[in-house]
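Secondary and tertiary structure notes
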Amino acid sequence: MLLKKSTPWINQIFEILKMVFTLLVALLMGALVMQLSGKDSMQAYGALFSSALGDSSAIANSLLAATPLIFTGLAAAIAFRAGVFNVGVEGSLYLGAFAAAWAGFTFTSLPGWLLIPLCILVAAAVGGLWSYIPGMMKARLGVDETVTTILLNYVAILYTSYLVNYPFKVPGMANAMSAEVAPAAQLDRFMPGSQFNTGFLIAVAAVIVITFLMKRMNLGFELRSVGDNPVFSKWMGMPTEKIIEKVMFISGLLGGVAGAVQVLGVHYRFAANFSPGFGFTGITIALLACNSPIGVFFAALLFGVLRSGSSTMELFTDVPRDLIRVLEATVIFFAAMEISWNWLRRKRNGIRN
Amino acid sequence: MEFVINVLYSTLRVSTPLILAAMAGALSKQVNLLNIALEGLMLFGAFAGVVFAAQFSNTWLGLLAAVLLALALSAVFALFVIDLHVNLIVAGLAINILALGLTAYLLTVVFNTRGAFIPDNVQPLPVWDIPIIKDVPVLGRILSGHGVLVYFSWLMVFMTSLLLYKTPFGLHLRAVGKHKEAALTAGIAVRRVEYASILLGGILAGLAGAQLSIGDLTLFTDNMTNGRGFIALAAVFFGNGAPGLTAVGCLLFGMFEALQFRVQVMSGFSPQLLQMLPYLIVVIILVLISVRKKIQRQAL
């Protein structure tokens, strides 16, 4: 019960210590794997961190890599906090990304101040509604949301792939991708030589909004209450079904916006299978951050650093960037050990009974 | 006719990893520790299978290595889930991510190739021609001439069913799954039963992975399982944990996979939409099961 309630400062310090400990274990695990396979781990980590933090454009690229992870981390965190295990953020991200691209290359005559919000709004709505479906099935019929969201991810990924392979295919392109969005729909980039763009500011805004929602709004109180004790909340007269549906909608909405920001800020078009698992890394981030929005922000920055530094590490030290996944898996194991003492154990018991 | 024979023959072939993994899934579902890690365990199995087969120029050693590695990792999974109380879905996802990362990492570091490993010094597992059936006109061409694991997987469906419904262990397993506390009160060694089910599942998942990498061809590619672990779980839900019906689900999904290549070539129908169907069908089945439960509850 360390993470909930109006956390006293001692608990917050404990959380931070735990986060640091988890990260150290993960880095050690990565070093172990490298040493055992005959690589110089110090050199590799050196290359990773200096290329991710070395100069202003390196930092910009790390922030760029963190941007989608902030959204997906928030999406996972808000669902987990309400005791809903949404694994379907990846699916919402794909559908949202396609929706944003579609709006961007369809309403080309609109000015930017109108078109960009429109693209993001469409993506948010599509992502939210997609996630609302398993939320509704969970709330009204008791269908386990974990299983349905995992299955629906495949549906979303395959369906968007179908869309750009058939109805929206651009002729003459080697890979399946949509047309480019109108220049007015493209997010501004901060500096030449880096794709770092205003999408990051939207992500920061999302952190603030979700913090406010969780701490200050009725829904935030309700979702924390449902997450801590669904039976109690129901007896207190809270509309628990409605709350679960709302939370799933918001979670999917954030996933949709993540997709939109990738399309409008980085690629300018939708490409099939474009995400390297942003939605799943969001789960790792939420676990590491103990579901706190501010924590998600910093955990996402960290994973942004790892991701953007890993390609340089691969280039200069011959350590494949797949190593990052080993770190990620370790983070999940160790971060989850703590969280399971809280609501996850209750959830397991919940499934049992 | 030729078309039908071809489709049915490949259906049996591509269903095999699904069936083996789904039997692991069925055990885990029945003991109420749904094994999300199947995807990763299969991937580890596939990797170890071809790597060790190539290393020792012996396919059977590869098979053994696949089973042992998947077994070891399922022990890690079981440790975290059963004793360290990590949520089983979280632990499953972690194993999957680890499998994806570590196999790709080792492929690059140890074999200096990116994406694919295709050794030329090993043969795939032997094929088996069923003595009498192989001479029956149509049936022979569908049923005979598969790799040994294909037949082994059918045996495993039978054995899993036997284990679950005809042995004391199976009874204990199902009791733990239905109501853990009651099983504990009845004196069942719950923890041992849980470990045993997950470890048995690990062996089956290792075999499933080996079938992918050394069953028909000998190769490994990054993310070779490509969601098959989850398809197998979908089949488990299709069959509600009963081995027979689960295997039928696997055959059904296998047929989708077998059809998908051919339909795409013949008619230009989108393979993505065809690939989507199994997932959608299972979601619909899950909803229907829940609706039925709800109606039953209201009738009481």
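Residues numbered from 1 in each chain as written. Chains lettered and ligands numbered in written order. Predicted model: local features only at pLDDT ≥ 70, side-chain atom pairs only at ≥ 80, totals over all residues.

1. Some details on the overall build of chain B
Per the secondary structure count, chain B includes twelve helices and four strands. The C-alpha atoms of chain B give 20 Å as radius of gyration, which agrees with the globular expectation for 300 residues (19 Å, within 12%). Across its three principal directions, the C-alpha atoms of chain B cover 55 × 45 × 40 Å. Going through the 300 residues of chain B one by one, you find that 51% of them count as buried. (Helix = DSSP H or I, 4+ residues; strand = E, 2+ residues; numbered from the N terminus. Rg over C-alpha atoms; globule rule 2.2 N^0.38 Å. Buried ≥ 20, exposed ≤ 12 C-beta atoms within 10 Å, placed from the backbone.)

2. Quick look at the overall build of chain A
Within chain A, the secondary structure is distributed over 13 helices and zero strands. Listing the helices and strands of chain A from first to last along the sequence gives α-α-α-α-α-α-α-α-α-α-α-α-α. Taking 2.2 N^0.38 as the reference for a compact globule, 353 residues should give roughly 20 Å; the C-alpha atoms of chain A span a radius of gyration of 20 Å, in line with that estimate. Within chain A, the proportion of its 353 residues that are buried is 58%. Pairs at least 24 residues apart make up 79% of the contacts formed inside chain A by residues separated by at least 6 positions. (Contact = placed C-beta atoms within 7 Å.)

3. A few points about the environment of tyrosine 195 of chain B
All names here are of chain B. Along the chain, the position of tyrosine 195 falls in helix α9 (residues 190–215). Along the sequence, tyrosine 195 and serine 74 sit 121 residues apart, while their C-alpha atoms lie 9.2 Å from each other. Residues within four places of tyrosine 195 in sequence aside, it is in contact with Ala78 and Ile82.

4. Overview of the packing of helix α10 (residues 228–238) of chain B against helix α12 (residues 271–299) of chain B
All names here are of chain B. One way to put it is that α10 packs onto α12 with a least axis distance of 9 Å and a crossing angle of 35 degrees. Note that α10 runs across α12; the crossing there is left-handed. Here α10 contributes Ile231, Ala234, Phe237 and Phe238 to the contact with α12, which in turn contributes Pro278, Tyr279, Val282, Ile285 and Leu286. Of the residues assigned to the contact of α10 with α12, the class counts are nine nonpolar, no polar and no charged. (Axes fitted to C-alpha atoms, helices over the stretch in contact; angles between N-to-C directions. Left-handed = near helix turned anticlockwise from the far one by under 90°. Nonpolar A, V, L, I, M, F, W, Y, C, P; charged D, E, K, R; others polar.)

5. A short note on helix α2 (residues 38–56) of chain B
Residues and elements named next belong to chain B. For α2, which comprises 19 residues, the first-to-last C-alpha distance of 27 Å matches the rise-based estimate of 27 Å (1.5 Å per residue) to within 8%. Counting buried positions along α2 gives 17 out of 19 residues, so the element sits mostly inside the fold. Phi turns positive one or two residues past the end of α2, at serine 57, with a value near 50 degrees. (Expected span 1.5 Å × (residues − 1).)

6. A word on the interface of chain B and chain A
Chain B puts 41 residues into the contact, and the matching count from chain A is 43 residues. When contributions to the side of chain B that touches chain A are tallied by element, the ones reaching two or more residues are α4 (88–111), α10 and α12 of chain B. Considering every element that reaches the side of chain B that touches chain A, the biggest residue donor is α4 of chain B, with 16 residues. Looking at the side of chain B that touches chain A, its residues break down into 29 nonpolar, ten polar and two charged.

7. Some thoughts on helix α3 (residues 56–81) of chain A
All names here are of chain A. With 26 residues, α3 should cover 38 Å at 1.5 Å per step; its first-to-last C-alpha distance of 35 Å lies within 8% of that length. Its axis deflected by about 30 degrees at threonine 67, α3 carries its strongest bend there, up to four residues before the proline proline 68. Buried residues dominate α3, accounting for 22 of its 26 residues. Trailing α3 by a residue or two, glycine 83 shows a phi angle of about 75 degrees, which is positive. (Bend = angle between axes of the 7 residues up to and from the residue.)

8. A short note on the nonpolar core
Within soluble globular proteins, side chains that are nonpolar generally end up buried alongside one another. Ala100 of chain A together with Ala91 of chain B are the most contacted members of the largest nonpolar core, which has 224 residues in total. For alanine 91 of chain B, the residues in contact, after removing those within four places along its chain, are Phe333 and Ala336 of chain A together with Ala37, Phe77, Phe80, Val81 and Val86 of chain B. (Core = buried A, V, L, I, M, F, W, Y, C linked by C-beta atoms within 7 Å.)

9. Overview of the environment of threonine 160 of chain A
All names here are of chain A. Position of threonine 160 among the secondary structure elements: in helix α6 (residues 145–165). Sequence separation of threonine 160 and phenylalanine 298 is 138 residues, and the distance between their C-alpha atoms is 31 Å. Excluding its chain neighbours within four sequence positions, the residues that come into contact with threonine 160 are Tyr94, Leu95, Phe98, Phe270 and Ala272.

10. A short note on the confidence of the model for chain A
All names here are of chain A. With 93% of its residues at a pLDDT of 70 or more, chain A shows a mean pLDDT of 89. Here helix α13 (residues 323–352) stands out as the element of chain A with the lowest mean pLDDT, 68, in contrast to helix α4 (residues 89–106), whose mean of 97 is the highest. Every residue in residues 1–6 is under pLDDT 50, and counting partners more than four places away or in other chains gives ten contacts. Here residues 339–345 is modelled with pLDDT under 50, and outside its nearest four sequence neighbours on either side it reaches 15 contacts, counting other chains as well. (pLDDT = per-residue confidence, 0-100.)

11. What to know about the confidence of the model for chain B
Predicted confidence across chain B gives a mean pLDDT of 90, with 99% of residues reaching 70 or more. Here the predicted complex carries an ipTM of 0.86, next to a pTM of 0.89.

12. Re the environment of alanine 46 of chain B
Residues and elements named next belong to chain B. Looking at the secondary structure, you find alanine 46 in helix α2. Counting along the chain gives 59 residues from alanine 46 to tyrosine 105, while the straight-line C-alpha distance between them is 15 Å. Once residues lying within four places of it in the same chain are set aside, the contact partners of alanine 46 are Gly209, Ala210, Leu212, Ser213, Phe220, Met224 and Thr225.

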